[in-house]
Amino acid sequence: MNKTLSFYTLFFIVCMVLMRLSGLLSKMILTRILTPHEYGLITLVIITLPGLLQFFTNSFLYDTLSHSKEGKKYFSFSFVYGIIASFAVIVLIFISRESFFDFLNIPSNSWFLILVALFIVILPNTLLGVIIGLYRGLRRYSLASTLSLAPPVLRLFFILVVVYILSISKFWIILIVAALPTSIVLISVLMKGFKLMSSMFDSISFPSKNIFSFGFSVYLISTFGTVTQQIYKVIVSHDLGVVWQGYFDVSLTLMTILLFAFAALSFVSIPEATSTENMEELLFKQGELGDIARGLFSFLVFCMIFLYFYSSRIISLLFTHEYVVVADYILFLAIGYIFLFIQQFLAYLNISFQNPSEYRPLVIVTLIFLVVSPLVTHIFIYFAGFVGAYLALMMFSILYTIATIKYSKNLTPLRVLFYKIDGLILASVVIILFLHFFGNFLMSLFLSTIIFSFLVFFTGYINKRLIFGIFKEKN
């Protein structure tokens, strides 16, 4: 199929919805059969630590491979590096396991089980990320989306079988079962795509200076939000304990609905931007990246408003009333995400169309923020308690957006994103008033979605033809 970009974006979002829904259902089951300590430990080992350690094992490789013109040249190097780096990380953790587990408040008598689970997750996560990056760079969006979806769906299936069919609730069994799906998906992908991937191992090419700078810069910027969140969870675990890390994870899990917009923006922006030489044509052409970015931004704003009004009810429904305490802090996360979306859209386009020397200041600012934010977060938690983590996340998101605007040479993406912004503002105000006076949860969701969608299309913030373009063949 030669579908339009809007079709592939929608397909990716559908996969993301299913992926997040699978993860959400898995966590709902785990919170009901495990203690808060056990749940916090599983999310730390299966989600938080692997996500954080991919900074070293996958690094900039995923985004390097996503470069439409140059990325595929470096698949063999990326694959080999991922294997070596994953083994190196596990060895280093094994050598320093006592201090490592003490720092995270993990029981030291479980070190062997934890290390096995970490290895089962880290290596496959890294290599599967490399393969998805390759397909993304080749602009085979449907296949890349499907591979991203497979592990969480398989994890949900395994958990359902173990808990409800086999009636097993032992912590160590559930931990290993939750760690296995990515390995199974990786083996299947390697077997099916062996011919394509093996042809790229004729030589191993180290990334050139320019492509290295491109991949590293995109990686830093695209993962700034997620990496800092993983860092914050580690700090919360260290400062307040594993239980509070579990609470923090629940709030971030609830906000994953907002990540659909981020993930879709990142997924299509880099391959599309690196496949053309003209930013204006890419952004202003009907049905292309500019229209899609405004659509995703509208979705983000609507979800933020709805979560603000119904966060307590949603958390209580999904995770039990024990975790509803984090509902008070959802607004801080939502505001931070709004700013990060603006920041990432501007940064992606500038990096794709500029020389490394032109976007180097932004990279330096990103590195400074990554280094400074853990210390500031620790200080915030020390003085403000649990809410300090949320305040730090929101503050750095705003400051990072301001810094990106200052160091971006071309602000055309902002002009595109804010085109007819009064329509989005009007729709947002109407929905806020509607949700304030209308209390029925399900009916509010249904009616507010219709009203908001009508207003953003009617006012022209989103082009009406974007919807019809989904079903057309690409010219």
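In case you missed it, the structure is sitting above this.
Since we're looking at a predicted model, the values are computed, not measured.

Peer 1: Please clarify how the overall build of the protein chain should be interpreted in this entry.
Peer 2: Looking only at helices and strands, the protein chain features 23 helices and zero strands. When its C-alpha atoms are laid out on the principal axes, the protein chain stretches across 65 × 60 × 45 Å. Relative to its 475 residues, the protein chain shows a buried fraction of 58%. Taking as baseline every contact in the protein chain between residues at least 6 positions apart, the subset at least 24 positions apart corresponds to 84%. Surface summary for the protein chain: the accessible area is close to 20,200 Å², and the carbon and sulfur share equals 70%. Separation between the mean location of the 29 positive side-chain charges and that of the 19 negative ones in the protein chain comes to 7 Å.

Peer 1: How should I be thinking about a nonpolar patch on the surface in this particular structure?
Peer 2: Judged by side-chain polarity, Leu10, Val14, Leu18, Leu21 and Leu25 come together as a nonpolar surface patch covering roughly 380 Å² of accessible area. Turning to its location among the elements, Leu18 is positioned in helix H1 (residues 5-33).

Peer 1: Any chance you could explain unusual backbone geometry here in plain terms?
Peer 2: Residue Lys420 is not a glycine yet carries a positive backbone phi of 55°. Counting through the fold element by element, Lys420 comes out in the loop between helix H20 (412-417) and helix H21 (421-437).

Peer 1: Sorry, what's going on with helix H8 (residues 171-179) here?
Peer 2: Structurally, the α-helix is built with 3.6 residues per turn, so residues lying three or four positions apart point the same way. Burial of H8 is extensive: seven of the nine residues sit out of reach of the surface. Of the positions making up H8, those classed as buried are Phe171, Ile174, Leu175, Ile176, Val177, Ala178 and Ala179.

Peer 1: Before we go on, may I ask you to explain the state of the cysteines in this structure?
Peer 2: What we call a disulfide is simply a covalent bond connecting the sulfur atoms of a pair of cysteines. Using the criterion set out here, one finds zero disulfides in the structure. Left unpaired, Cys15 is separated from the closest cysteine sulfur, that of Cys303, by 18 Å. What makes Cys303 buried here is its relative accessible area of 5%.

Peer 1: For this particular structure, what's the right way to read the pattern of salt bridges?
Peer 2: Tallied over the entire structure, the rule returns three salt bridges. Across the pair Asp249 and Lys27 runs a salt bridge whose closest N-O atoms are separated by 3.2 Å. Taken together, the positions of Asp249 in helix H13 (residues 242-254) and Lys27 in helix H1 put the pair 222 residues apart, joining distant regions of the chain. A residue is classified by how much of its surface remains accessible, and Asp249, at 2% relative accessible area, is buried. A salt bridge links Arg294 to Asp291; the shortest N-O distance between them is 2.5 Å. Taken as a pair, Arg294 and Asp291 lie in helix H16 (residues 289-319) at a separation of three residues, close to a single helical turn. In this structure, Arg294 and Asp291 share a single accessibility class: buried. Residues participating in the shared-partner salt-bridge network are Lys27, Lys233 and Asp249.

Peer 1: Help me understand the nonpolar core, please; the structure alone is not making it clear to me.
Peer 2: Soluble globular proteins tend to pack their nonpolar side chains together in the buried interior. Counting residues in hydrophobic clusters, the biggest one holds 165 residues, and the most contacted among them are Phe75, Leu118, Ile131, Phe297, Phe341 and Leu349. The leading source of residues in this core is H16, at 18 residues. With sequence-adjacent residues up to four places away left out, Leu118 is seen in contact with Val45, Leu49, Pro50, Ile90 and Ile93.

Peer 1: Looking at this structure, how should I read H13?
Peer 2: The end-to-end C-alpha separation of H13 is 19 Å, in line with the 18 Å expected for 13 residues at 1.5 Å each. For H13, the tally of buried residues reaches 11 of 13 residues, placing the bulk of the element in the interior. Of the residues making up H13, those classed as buried are Val242, Gln245, Gly246, Tyr247, Phe248, Asp249, Val250, Ser251, Leu252, Thr253 and Leu254.

Peer 1: I tried to follow the packing of helix H7 (residues 141-165) against helix H9 (residues 181-192) on my own but got confused; where do I start?
Peer 2: Helix-helix packing: each pair is described by the crossing angle between the helix axes and the interaxial distance. The N-to-C vectors of H7 and H9 enclose an angle of 135°; their axes lie 8 Å apart at closest approach. The angle between the axes of H7 and H9 places the two elements in the oblique class. Handedness of the H7/H9 crossing: right-handed. Contacts between H7 and H9 pair Leu147, Ala150, Pro151, Leu154, Arg155 and Phe158 from the former with Pro181, Thr182, Ile184, Val185 and Val189 from the latter. Taken together, the residues of the contact of H7 with H9 break down into nine nonpolar, one polar and one charged.

Peer 1: Help me understand the environment of Ile120 in this model?
Peer 2: Relative to the assigned elements, Ile120 resides in helix H6 (residues 111-137). Its relative accessible area of 17% is what places Ile120 among the buried residues. For Ile120, the residues in contact, after removing those within four places along its chain, are Ile176, Ala179, Leu180 and Ser183.

Peer 1: Can you help me understand the packing of aromatic side chains in this one?
Peer 2: Aromatic ring pairs: the centre-centre distance and the angle between the two ring planes describe each pair. In total, this model carries 22 aromatic pairs according to the counting rule given. Among the aromatic residues, those joined into a ring-pair cluster are Tyr39, Trp244, Tyr247, Phe248, Tyr323, Tyr329, Phe386 and Tyr390. In this structure, Lys406 is placed above the aromatic ring of Tyr407, and the distance from its NZ or CZ to the ring centre is 5.7 Å.

Peer 1: For this particular structure, what's the right way to read the packing of H13 against helix H17 (residues 330-353)?
Peer 2: Here H13 crosses H17 at 50°, and the two axes come no closer than 10 Å. As judged from the angle between their axes, H13 and H17 are oblique. As H13 packs across H17, the resulting crossing turns out to be right-handed. The segment H13 lies against H17, with Ser251, Leu252 and Leu254 engaging Ile330, Leu333 and Tyr337. Residues that form the contact of H13 with H17 fall into these classes: five nonpolar, one polar and no charged.

Peer 1: Looking at this model, I keep getting lost on the environment of Leu154. Mind explaining?
Peer 2: You can see Leu154 is positioned in helix H7. Sequence separation of Leu154 and Glu277 is 123 residues, and the distance between their C-alpha atoms is 40 Å. Contacts of Leu154, omitting those with residues within four sequence positions, involve Pro181, Ile184 and Val185.

Peer 1: What is the right way to read the side chain of Asp249 from this model?
Peer 2: A polar side-chain atom of Asp249 sits 3.0 Å from a polar atom in the side chain of Tyr39. What Asp249 contacts, discounting residues up to four positions off in sequence, is Lys27, Tyr39, Thr43 and Lys233.

Peer 1: Help me out: how do you make sense of the side chain of Ser217 in this one?
Peer 2: With respect to the secondary-structure elements, Ser217 resides in helix H11 (residues 209-222). Beyond its immediate chain neighbours, meaning those up to four positions away, Ser217 contacts Ile351, Tyr359 and Val363.

Cut-offs applied
- Residues numbered from 1 in each chain as written.
- Predicted model: local features only at pLDDT ≥ 70, side-chain atom pairs only at ≥ 80, totals over all residues.
- Heavy atoms only, no water.
- Helix = DSSP H or I, 4+ residues; strand = E, 2+ residues; numbered from the N terminus.
- Buried < 20%, exposed > 50% of the residue type's maximum accessible area, 1.4 Å probe, protein only.
- Contact = heavy atoms within 4.5 Å.
- Areas by Shrake-Rupley, 256 points an atom, 1.4 Å probe, with all protein chains shown as cover.
- Lys, Arg positive; Asp, Glu negative; His and termini not counted.
- Charge placed at Lys NZ, Arg CZ, Asp CG, Glu CD.
- Patch = residues over 30% accessible without salt bridge, like charges linked within 9 Å, V, L, I, M, F, W, Y side chains within 5 Å.
- Salt bridge = Lys/Arg side-chain N within 4 Å of Asp/Glu carboxyl O.
- Disulfide = S-S within 2.5 Å.
- Core = buried A, V, L, I, M, F, W, Y, C linked by side-chain atoms within 4.5 Å.
- Expected span 1.5 Å × (residues − 1).
- Axes fitted to C-alpha atoms, helices over the stretch in contact; angles between N-to-C directions.
- Parallel < 35°, antiparallel > 145°, perpendicular 65-115°, else oblique.
- Left-handed = near helix turned anticlockwise from the far one by under 90°.
- Nonpolar A, V, L, I, M, F, W, Y, C, P; charged D, E, K, R; others polar.
- Phe/Tyr/Trp six-rings, centres within 6.5 Å; stacked < 30°, edge-to-face > 60°.
- Lys NZ or Arg CZ within 6 Å of the ring centre and 35° of its normal.
- Polar contact = N/O pair within 3.5 Å; in protein donor to acceptor, adjacent residues only side chain to side chain.

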